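# What the coordinates show
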Amino acid sequence: MIKLIVEVHDASDLMPKDGDGFASPFVEVDFDKQRQRTQTKPKDLNPYWNEQLVFNVTNPRDLSNNTIDVVVYNDKKSGHHKNFLGRVRISGESVPLSESETTLQRYPLDKRGLFSNIKGDIALRIYAVQDHTSAAQPQQHEYGNVETGTANISSVEIPQMFSTTPLQEINGNHTHRINEQAEHHHHQMGEKPMKKKKEHEVRTFHSIGTGGGGGGGFSHSQPPSSGFGFETHHQKAPHVETRTDFARAGPGPGPATVMHMQQGPPRQNPEFALVETSPPLAARLRYRPGGFSGDKTSSTYDLVEQMHYLYVSVVKARDLPTMDVSGSLDPYVEVKLGNYRGVTKHLEKNQNPVWKQIFAFSKERLQSNLLEVSVKDKDFGKDDHVGRVFFDLTEVPVRVPPDSPLAPQWYRLVDKKGDKVRGEIMLAVWTGTQADESFPEAWHSDAHDVSHVNLASTRSKVYFSPKLYYLRVQVLEAQDLVPSERGRPLDTFVKVQLGNQMRVSRPTQVRTINPIWNDELMLVASEPFEDLIVISVGDKVGPGRDDLLGMVFLSVRDIPQRHDTHKLPEPLWFNLQKPSVAKEEESEKKKEKFSSKIHLRLYLDAGYHVLDESTHFSSDMQPSSKHLRKAGIGILELGILSAKNLLPMKGREGRTTDSYCVAKYGNKWVRTRTLLNTLNPRWNEQYTWEVHDPCTVITVGVFDNHHINGSKEDARDQRIGKVRIRLSTLETDRIYTHYYPLLVLTPSGLKKHGELQLALRFSCTAWVNMVAQYGRPLLPKMHYVNPIPVRYVDWLRHQAMQIVAARLSRAEPPLRREAVEYMLDVDYHMFSLRRSKANFQRIMSLLSGFTMVCRWFNDICTWRNPITTCLVHILFVILVCYPELILPTIFLYLFVIGLWNYRFRPRHPPHMDARISQAEFAHPDELDEEFDSFPTSRSSDIVRMRYDRLRSVAGRVQTVVGDLATQGERAQALLSWRDSRATAIFIIFSLIWAVFIYITPFQVVAVLVGLYTLRHPRFRSKMPSAPVNFFKRLPSKSDMLL
């Protein structure tokens, strides 16, 4: 018996139907009076089923005459009907008769009627096989929910009598035959015949066999595609296809005509999607009756879960007894709670030591009700016991900020027998939360095996980027330069150095001892202005050989600042010092005799914002000068809650992961504490930023700390992943809590290193200023009045990144360079074929909207739906008769569209999208090229292959650019008399049209042109129109190219 297999894989971009921006879709498949359905996927607009539905084919000869109806519904929990989400009709003739000949194909969902609002597509895999086993037939119901298992299916060779018949294209003149065939199928399936309401369009999909078969999985071993519409290697394309071929079975042999739509990117893996969470946050509990206890800390730490800690502050000790024979004492304190043990530093030969160290023990991990604080003497062998103090945890007081800190008290030491001994220790013991000001500096119980040297690397800190300025150096001229060889003409240049930055002016045009450059150089300066500006004048003697003619040393502190464009600082003359020290001393003695001079204008441009990150996801747009900065418009609060399912980054060392988070917004950087040896860390730390512009981005990264005990100094913290969130996509005063996937692109492919749970809230404090901000320039005024030269932008951004990374890496604990560079995307502007593909797909998705409008207009012109075309005619005549309604109609239409789309607005903040980034299915060779160093370190054969691939891509781009240039040159040729006959025809035709339009009312002309454009297909010709033919015959400059 022949079995028809319908594999329902997934659907994407479905229309929301439940009023909350979601849908609960399921698929219902009808074939030959058999109906089966898949499971319901609740609240999922991109459902993934991967279910197999099996149907019996009673008469194999009738398979080609049947139609497979696939309908997607929204499962409504209330009510007796279901919402229609789209349908697809596949002709049985297009079904392959072998599993090896079929591929997974994507079908766009079709509408049911004129007013259906449908979008999205569905991925199906359909084939027929012969079942050798006597498997039981799947249970069939007319309208019931059927759960079907996977049948035992084997592909066999099908006799020639079951071979597919040729396909015949359907055009507009054969619509009545399609409707008759659709009605015939409806009667066969026992459905009630439809009324005289005619369906606007019936599309039956057919498939052409792949011939070779084996179109199964995607192989990573195949060479990468160029991604721009053509292949550079002769291999088969991936197996996913998008089908919009409107074809049906024809009775006689004839050629098959199939129309294909451009293959779109595969849908994103559900594993990389955002997951909404509902943690017990005080900010949410306070709005629930009886759900909030009124804790004071909720006002400041309401976006994180409260974590309770036992704090022990060891301040100092006095009058301790000597324990060694030499009469000395090297005391330290050991704080012990269950299996956790914290130790202070030992102080040599000190009977009145001062430690001032705080310990924090998580109450979730408490293993004892007794706290022991012991004072011991550091010795070569076994440490001597000096005395100890015990605390019962049930009697420890609770401190809640903003209460004042708990005052420490003196406690008398006792020995192991409980007898009092000499000496006292000053302690403070209390219970608090992570809101306590002692929390960042405390030694945490999970870091009990970290040495005091590396303890600072595990603590949470707040950092601030240095304030940056653009330094402009205008090199004007020099006088009385002294060459090293008399009589030789000077080929001079000026070199400006500031720290590690160096810029060189262009060489002078006239070789003289009084050169003129008039060149401007830009560098990046940072506060505090401690560096010196070294300006040197050199003479280019030969290849690789320069002579130094003089130098000037200036302090950045002495450079004036410019805040606006009204007036530039006056240029100054500076004496050039001799290169050698001896000559410098000699010149100091003989200053009045002779000195070469250089004319410079130097100033700090404080009206610019120094870009240290890409403008596409910048977190700060404020100018350098604090006098030009605008007031804040709101507050951004970030709660870094936890992470889960992190990958063990130190598996080879016998550990898991020592993770910490870094968040960056504006000039403020925050770093959470490092949680050691756990794959599911819980930080629960909250931070706040002032917001000046809503169109900014906050970046949160997760790293693995490689500077714990036993780590090398040159070890690099390993990146786990990062998240970017644009503030303008957040609703004000709403709390967002989600698990964000931590995706990292590696040379071996895209990897998910875990999930990060964040809580976000953007509160607006100045609504008028925030709304007005949308009409203001993105960057400060100076960027538009006096824009930075394009050749300087990338170089200055790179230098600013290096200054920020160097400054933060010198903090204590350091925010290491690799973390800063990863957060700032230092290599974002490097070439990547994967990123080029992603940008190309972004452009194509933008053009798809314009293409849909053109397709809709073409359907109107071809009268595919007569009712819609008639309505457009009426609207067109009304607008022509009342032209004052055109603009109000357009803006009203935009208002209605925006109001309608409000129901389908995104409910979650955006995140890293692997599908848009073309990262999930990137070829290994493309990734290897992306992660290659600059200049390349690969072999010549690989470089040659990549160069050839790039040439093929550039060749196609070159062709497209040439075609665009050809069309523009043809438009210029209308009046350029390059083709005198064509120009004469055009100007005579223009004169006739000018007279005709002058004597004819504009409304009449507009109506005639509109009616001619919208004329019925019966009055249309398939040949191009005369104006198109005339334009294509105009000359271009293509024939003038070599």
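Fair warning: this is a prediction, and the values are worked out from it, not measured in the lab.

### Considerations on the overall build of the chain
- A tally of helices and strands in the chain yields 15 helices and 40 strands.
- By residue count, 45% of the 1042 residues in the chain fall in the buried class.
- Put simply, the chain shows about 55900 Å² of open surface, and 55% of that area lies on carbon and sulfur atoms.

### Side note on unusual backbone geometry
- Cis rather than trans, the peptide bond between glutamate 812 and proline 813 has omega equal to 0°.
- In this structure, proline 813 sits in the loop between helix 6 (790-808) and helix 7 (817-824).
- Phenylalanine 934 connects to proline 935 through a cis peptide bond whose omega is 0°.
- Along the chain, the position of proline 935 falls in the loop between helix 11 (924-930) and helix 12 (940-972).
- Even without a glycine there, the phi angle at aspartate 32 is positive, about 50°.
- Mapped onto the fold, aspartate 32 is located in the loop between strand 2 (25-31) and strand 3 (34-37).

### Some details on the pattern of salt bridges
- Scanning all chains against the criterion turns up 50 salt bridges.
- For lysine 664, the salt bridge goes to glutamate 613, with nearest N and O atoms at 2.9 Å. Of the two residues, lysine 664 sits in strand 34 (residues 659-665) while glutamate 613 sits in the loop between strand 32 (597-605) and strand 33 (634-644), which places them 51 residues apart along the sequence.

### A short note on the pairing of strand 19 (residues 384-392)
- Bridge count between strand 18 (residues 370-377) and strand 19: eight bridges; the pairing is antiparallel. Opposite leucine 371, over in strand 19, you have phenylalanine 391 as the bridge partner.
- Between strand 18 and strand 19, which pair antiparallel in sequence order, lie six residues.

### Focus: the packing of aromatic side chains
- Considering all chains together, one arrives at 17 aromatic pairs under this definition.
- With 6.2 Å between their ring centres and 70° between their planes, phenylalanine 31 and phenylalanine 55 make a pair best called edge-to-face. Of the two residues, phenylalanine 31 is situated in strand 2 and phenylalanine 55 in strand 4 (residues 48-57); the sequence distance between them amounts to 24 residues.
- Judged by relative accessible area, which is 0%, phenylalanine 55 ranks as buried.
- Aromatic rings pair up to connect Tyr309, Tyr311, Trp430 and Phe439 into one cluster.
- Directly above the aromatic system of tyrosine 73 lies the positively charged group of lysine 82, at a separation of 4.5 Å from the ring centroid.
- Here lysine 722 stacks its cationic end above the ring of tyrosine 822, 4.4 Å away from the centre of that ring.

### Looking at helix 12
- Between its first and last C-alpha, helix 12 extends 46 Å over 33 residues, near the 48 Å set by a 1.5 Å rise per residue.
- Among the residues making up helix 12, those that are buried are Arg946, Arg949, Val953, Thr966, Glu969 and Arg970.
- Turning to helix 12, the residues buried within the fold contact helix 8 (833-861), helix 11 and helix 15 (1026-1032).

### Some details on the packing of helix 9 (residues 866-881) against helix 14 (residues 1002-1013)
- At their nearest, the axes of helix 9 and helix 14 sit 9 Å apart, and the two run at 160° to each other. On the basis of the axis angle, helix 9 is roughly antiparallel to helix 14. Regarding helix 9 and helix 14, the two cross each other, and that crossing is right-handed. Side by side, helix 9 and helix 14 meet where His873, Phe876, Val880 and Cys881 of the first sit next to Gln1003, Ala1006, Val1007, Gly1010 and Leu1011 of the second.

### Quick notes on the side chain of arginine 601
- Relative to the assigned elements, arginine 601 resides in strand 32.
- Salt bridges are absent for the buried arginine 601, whose nearest opposite-charge side chain, glutamate 570, sits at 5.4 Å.
- Side-chain polar atoms of arginine 601 contact the side chain of glutamine 474, separated by 2.6 Å.
- For arginine 601, the residues in contact, after removing those within four places along its chain, are Arg472, Val473, Gln474, Leu568, Pro569, Glu570 and Pro571.

### Some details on the nonpolar core
- Tyr470, Ile533, Ile535, Ile598, Leu602 and Trp669 are the most contacted members of the largest nonpolar core, which has 61 residues in total.
- For this core, the element with the most residues is helix 6, which contributes eight residues.
- If we ignore the near neighbours within four places in the chain, the residues touching isoleucine 598 are Glu477, Ala478, Val494, Ile535, Val537, Val552, Leu572, Trp573, Phe574 and Leu576.

### Considering the environment of valine 943
- You can see valine 943 is positioned in helix 12.
- You can call valine 943 partly exposed: its relative accessible area is 33%.
- Sequence separation between valine 943 and glutamate 929 is 14 residues; the distance between their C-alpha atoms is 9.1 Å.
- In contact with valine 943, not counting residues within four places along its chain, are Thr936 and Arg938.

### Section: the confidence of the model for the chain
- Across the chain, the average pLDDT comes to 80, with 82% of residues at or above 70.
- When mean pLDDT is compared element by element in the chain, strand 34 scores highest at 95, while strand 9 (residues 167-169) scores lowest at 36.
- Taken as a whole, residues 134-265 scores under 50 in pLDDT and shows 243 contacts with residues more than four places along the chain or in a different chain.
- Predicted confidence for residues 288-294 stays below pLDDT 50, and this span has five contacts to residues more than four positions away or in other chains.

### Side note on helix 14
- The first and last C-alpha atoms of helix 14 sit 16 Å apart over 12 residues, in line with the 16 Å expected at 1.5 Å per residue.
- Here helix 14 has its buried residues at Val1005, Ala1006 and Gly1010. Along helix 14, the residues classed as buried sweep out an arc of 125° about the axis, all on the same side.

### What about the sheet that holds strand 34?
- Read from one edge to the other, the open sheet built from five strands follows the order 23-35-34-37-38, with strand pairing classed as antiparallel. Each edge of the open sheet is held by one strand with a lone partner, namely strand 23 (461-464) and strand 38 (718-726). Sheet twist, expressed as the average angle between the axes of neighbouring strands with direction ignored, equals 15°.
- When strand 34 meets strand 35 (residues 668-671), the two strands line up antiparallel, connected through four bridges. What sits directly across from valine 662, in strand 35, is arginine 671.
- Against the sheet, helix 7 engages strand 34, strand 35, strand 37 (697-704) and strand 38, with an angle of about 145° to strand 37.

### Section: the sheet that holds strand 39 (residues 735-746)
- Taken in spatial order, the five strands of this open sheet run 13-39-40-33-36, and their pairing is antiparallel. Looking at the sheet topology across the chains shown, the edges are occupied by strand 13 (275-276) and strand 36 (682-691).
- Sheet topology places strand 13 next to strand 39; two bridges connect them, and they run antiparallel. Paired with glutamate 276 across the two strands is histidine 738, which belongs to strand 39.

### Describing the environment of glutamate 348
- Among the secondary structure elements, glutamate 348 is positioned in the loop between strand 16 (340-343) and strand 17 (354-362).
- Given the relative accessible area of 61%, glutamate 348 is considered exposed.
- The spacing of glutamate 348 and aspartate 377 is 29 residues in sequence and 9.4 Å in space, taken between C-alpha atoms.
- For glutamate 348, the residues in contact, after removing those within four places along its chain, are Leu329 and Asp330.

### Notes on the packing of helix 6 against helix 7
- Close contact between helix 6 and helix 7 brings their axes to 9 Å; oriented N to C, the two are set at 145°. Between helix 6 and helix 7 lies a crossing of right-handed hand. Across the interface between the two elements, Met801, Gln802, Val804, Ala805, Ala806 and Leu808 of helix 6 pack against Arg817, Val820, Glu821 and Leu824 of helix 7.
- A breakdown of the residues in the contact of helix 6 with helix 7 according to their chemical character gives seven nonpolar, one polar and two charged.

### Comments concerning the pairing of strand 8 (residues 121-130)
- Most of strand 8 is tucked away: nine of the 10 residues are buried.
- Where strand 1 (residues 2-12) meets strand 8, 10 bridges bridge the pair, whose relative direction is antiparallel. Among the inter-strand pairings, serine 12 is bridged to a residue of strand 8, identified as aspartate 121.
- Across four bridges, strand 7 (residues 105-108) lies against strand 8 in antiparallel orientation. Across the sheet, residue glutamine 105 finds its bridge partner in strand 8, namely leucine 124.

Criteria and cut-off values
Residues numbered from 1 in each chain as written. Predicted model: local features only at pLDDT ≥ 70, side-chain atom pairs only at ≥ 80, totals over all residues. Heavy atoms only, no water. Helix = DSSP H or I, 4+ residues; strand = E, 2+ residues; numbered from the N terminus. Buried < 20%, exposed > 50% of the residue type's maximum accessible area, 1.4 Å probe, protein only. Areas by Shrake-Rupley, 256 points an atom, 1.4 Å probe, with all protein chains shown as cover. Salt bridge = Lys/Arg side-chain N within 4 Å of Asp/Glu carboxyl O. Pairing = 2+ DSSP bridges. Phe/Tyr/Trp six-rings, centres within 6.5 Å; stacked < 30°, edge-to-face > 60°. Lys NZ or Arg CZ within 6 Å of the ring centre and 35° of its normal. Expected span 1.5 Å × (residues − 1). Contact = heavy atoms within 4.5 Å. Axes fitted to C-alpha atoms, helices over the stretch in contact; angles between N-to-C directions. Parallel < 35°, antiparallel > 145°, perpendicular 65-115°, else oblique. Left-handed = near helix turned anticlockwise from the far one by under 90°. Lys, Arg positive; Asp, Glu negative; His and termini not counted. Polar contact = N/O pair within 3.5 Å; in protein donor to acceptor, adjacent residues only side chain to side chain. Core = buried A, V, L, I, M, F, W, Y, C linked by side-chain atoms within 4.5 Å. pLDDT = per-residue confidence, 0-100. Arc of directions from axis to C-beta. Nonpolar A, V, L, I, M, F, W, Y, C, P; charged D, E, K, R; others polar.

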